[in-house]
Amino acid sequence: MLWYIPAMVASDPVEDDAIIAGESILLTFTGIGKDVFPIATEAMLNMSQALGQDLQSSAMQLGKALNDPIAGITALRRVGVAFTDAQEAQIKAMVEAGD
């Protein structure tokens, strides 16, 4: 967590405290493992910037989507995230395979 913040802050004007708060929310989701956590943190920052929302909202939406990817696609679409048919098929195949 904290080891990842300096690299992220260097490229994003978000305060450390806001990133830590967002990461704390991500940590509540058991479907986000240690290998995915840095990627999820970056996605949280990108979502917040692209959608014009706070990090906590992005963290909650992203965490829910990563915990239940099939339902997550629908939830993320509602807030403006677009998926191609190929991406949806890939997500479904990965869920079926247990990835």
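Rules behind the numbers
- Residues numbered from 1 in each chain as written.
- Predicted model: local features only at pLDDT ≥ 70, side-chain atom pairs only at ≥ 80, totals over all residues.
- Heavy atoms only, no water.
- Helix = DSSP H or I, 4+ residues; strand = E, 2+ residues; numbered from the N terminus.
- Buried < 20%, exposed > 50% of the residue type's maximum accessible area, 1.4 Å probe, protein only.
- Contact = heavy atoms within 4.5 Å.
- pLDDT = per-residue confidence, 0-100.
- Polar contact = N/O pair within 3.5 Å; in protein donor to acceptor, adjacent residues only side chain to side chain.

### Comments concerning the environment of S58
With respect to the element layout, S58 can be found in helix α4 (residues 55-67). Exposure remark for S58: the relative accessible area of 0% places this residue in the buried category. In this structure, the C-alpha to C-alpha distance between S58 and G22, residues 36 residues apart in sequence, is 7.9 Å. Once residues lying within four places of it in the same chain are set aside, the contact partners of S58 are M44, M47, S48 and Q53.

### As for the confidence of the model for the chain
For the chain, mean pLDDT is 84; residues scoring 70 or higher make up 86% of the total. Model confidence for the chain, summarised as mean pLDDT per element, is weakest for helix α1 (residues 5-11) at 50 and strongest for α4 at 92.

### Concerning the side chain of S48
Residue position: S48 is located in helix α3 (residues 37-51). A polar side-chain atom of S48 sits 3.3 Å from the main-chain carbonyl oxygen of D54. Not counting residues within four places of it along the chain, the set of residues in contact with S48 comprises Q53, D54, L55 and S58.

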